[in-house]
Amino acid sequence: MIGLADWIWSTHAGLAFVGWPTFALWFSGVGFVGIFYGVSGRNERLADLGHQIALWLAFSAVGIVFTYDAASLRLPLKDAEFAAIDAAMGFSWPHWSRLIESLRLVADAFTIAYFVLLPEIFLTVIYFAHIGRNDRNDEFLWTTMVSLIICTILSGFFPAVGPCAYFFGDKPRFIQHLLSVRAGDVKTFSLGHMEGIITWPSFHAVLAVLTPYVHRPPMRTFVPVAAVNVLMLISIPINGCHYLFDLLAGLALAFASIAIVRGAIRMGWLCA
């Protein structure tokens, strides 16, 4: 359904996305592992692993295209409003940025914590497949999908370039992509070089909650995973170029998505 929405929206917005053959190769290879071990019955856990990774690959591809489509709405930027909300909460992003930059070891720790997210997701999927907890893998995928759909829609209606660009004029590659979509001067993007262009709510913050959530007790991994993600949350305003308001909105969205998925499971609408 997300892929269909991508195709309709991209066509209407005049956007093109290339690199699908390479994605299809990876997807089919991982999918074949899941099908082979599932049909043969040789290893149920490898079958689950192939199945889960294929689902994550498919969702990641259509999900990131969805974020670029949403940016094509080109609604007015909300940076002034978000910066004002931060100020009302007593948070100064420029001051926080200068403080962290002056603490080299702290800045390095934040950078490591911020960029550990993708390996953490991959290892989480492997871990739950290995111990036979496919229910936790399903819950992880469902909460992530619900979160990204809502997050993308919100980002389309409340776009922002983030404090790096707003305060200092810095434009990391993800901001350049966002501005290119908004300006309409770039129409074609390669899947292998696309960026997460959502600013508000922070999707990094969403995943920093969802990951420890699926590792909750009785999983013995909960404490170390939670510790890493707490550090990740603190790193998000600087390393992710986010307002504090982005972070708080991401936290709220994560808990809302958990509630939605848990409710859907209880009603029998989802299996996990």
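Residues numbered from 1 in each chain as written. Predicted model: local features only at pLDDT ≥ 70, side-chain atom pairs only at ≥ 80, totals over all residues. Heavy atoms only, no water.

One pass over the structure, following the stated rule, counts 20 aromatic pairs. Aromatic side chains W93 and F167 sit 6.3 Å apart centroid to centroid with 5° between the ring planes, which places their arrangement in the stacked category. With W93 in helix α5 (residues 93–102) and F167 in helix α9 (residues 163–168), this residue pair connects regions lying 74 residues apart in the sequence. A connected cluster of aromatic rings, assembled from ring pairs, spans F82, F158, W200, Y243 and F245. The side chain of R216 reaches across the aromatic face of Y213, ending 4.2 Å from its centre. (Phe/Tyr/Trp six-rings, centres within 6.5 Å; stacked < 30°, edge-to-face > 60°. Helix = DSSP H or I, 4+ residues; strand = E, 2+ residues; numbered from the N terminus. Lys NZ or Arg CZ within 6 Å of the ring centre and 35° of its normal.)

Here the focus is the state of the cysteines. According to the stated counting rule, one finds one disulfide in the structure shown. Sulfur-sulfur distance for the disulfide between C164 and C241 comes to 2.1 Å. Of note, the bridge from C164 to C241 carries an S-S torsion of about -80° and is left-handed in sense. A residue pair is termed long-range when its members are at least 10 positions apart, and C164 in helix α9 and C241 in the loop between α12 (222–239) and α13 (244–266) qualify at 77 residues. (Disulfide = S-S within 2.5 Å.)

Applying the stated rule across the entire model yields one cavity of 30 Å³ or more. Space inside the largest cavity adds up to approximately 100 Å³. The wall of the largest cavity is formed by 16 residues, among which S155, G156, P159, L178 and I197 lie closest to the centre. Elements supplying a minimum of two residues to the lining of the largest cavity: α3 (44–71), α8 (134–157) and α10 (173–183). With three residues, the single largest contributor to the lining of the largest cavity is α3. (1 Å grid on protein atoms, 1.4 Å probe; cavity = no way out; pocket = protein on both sides within 12 Å on 5 of 7 lines; lining within 4 Å. Points joined across faces, edges and corners; volume = space filled by probe spheres on them.)

Bringing the environment of S155 into the picture now. Turning to its location among the elements, S155 is positioned in helix α8. Overall, S155 belongs to the buried group, its relative accessible area being 12%. Counting along the chain gives 57 residues from S155 to R98, while the straight-line C-alpha distance between them is 27 Å. Among residues more than four places away in sequence, those in contact with S155 are I198 and W200. (Buried < 20%, exposed > 50% of the residue type's maximum accessible area, 1.4 Å probe, protein only. Contact = heavy atoms within 4.5 Å.)

Reported here for the largest pocket is a volume of approximately 1600 Å³. Along the walls of the largest pocket sit 42 residues, with S60, I64, L118, M194 and G196 positioned nearest its centre. Going through the elements one at a time, α2 (20–40), α3, α6 (104–115), α7 (117–130), α8, α10 and α11 (203–214) are the ones with two or more residues in the lining of the largest pocket. Here the element with the most residues in the lining of the largest pocket is α3; it accounts for nine residues. In this structure, the second largest pocket spans a volume of roughly 350 Å³. What lines the second largest pocket is a set of 16 residues, and nearest its centre among them are I2, F59, W142, M145 and I149. Elements that contribute at least two residues to the lining of the second largest pocket include exactly α1 (2–13), α3 and α8. Of all the elements, α8 adds the most residues to the lining of the second largest pocket, at six residues.

Taken as a whole and judged by the stated rule, the model has four salt bridges. With its nearest N and O atoms 3.4 Å apart, the salt bridge here joins R104 to D108. Remark: D108 and R104 occur in helix α6; sequence separation between them is four residues, near one turn of the helix. Take R104: its relative accessible area is 52%, and that puts it in the exposed class. Since its relative accessible area comes to 35%, D108 is described here as partly exposed. (Salt bridge = Lys/Arg side-chain N within 4 Å of Asp/Glu carboxyl O.)

As a packed pair, α2 and α3 sit with axes 6 Å apart at the nearest point and diverge in direction by 155°. The orientation of α2 with respect to α3, classified from their angle, is roughly antiparallel. Crossing geometry of α2 relative to α3 is assigned as left-handed. Contacts between α2 and α3 involve W20, F23, W26, F27, V30, G31, V33, G34, Y37 and G38 on the former and, on the latter, L46, A47, G50, H51, I53, A54, L57, A58, A61 and V65. Here the contact of α2 with α3 is composed, by residue class, of 15 nonpolar, five polar and no charged. (Axes fitted to C-alpha atoms, helices over the stretch in contact; angles between N-to-C directions. Parallel < 35°, antiparallel > 145°, perpendicular 65-115°, else oblique. Left-handed = near helix turned anticlockwise from the far one by under 90°. Nonpolar A, V, L, I, M, F, W, Y, C, P; charged D, E, K, R; others polar.)

In a regular helix each residue adds 1.5 Å, so 21 residues correspond to 30 Å; α2 covers 29 Å between its end C-alpha atoms and thus fits that length. Within the sequence span of α2, burial applies to V30, G31 and G34. Projected down its long axis, α2 carries its buried residues within an arc of 95°, all on one side. Those residues of α2 that are exposed and angled more than 90 degrees off the buried face are P21, T22, L25, F32, I35 and V39. Looking one or two residues past α2, G41 carries a phi angle of roughly 70°, positive in sign. (Expected span 1.5 Å × (residues − 1). Arc of directions from axis to C-beta.)

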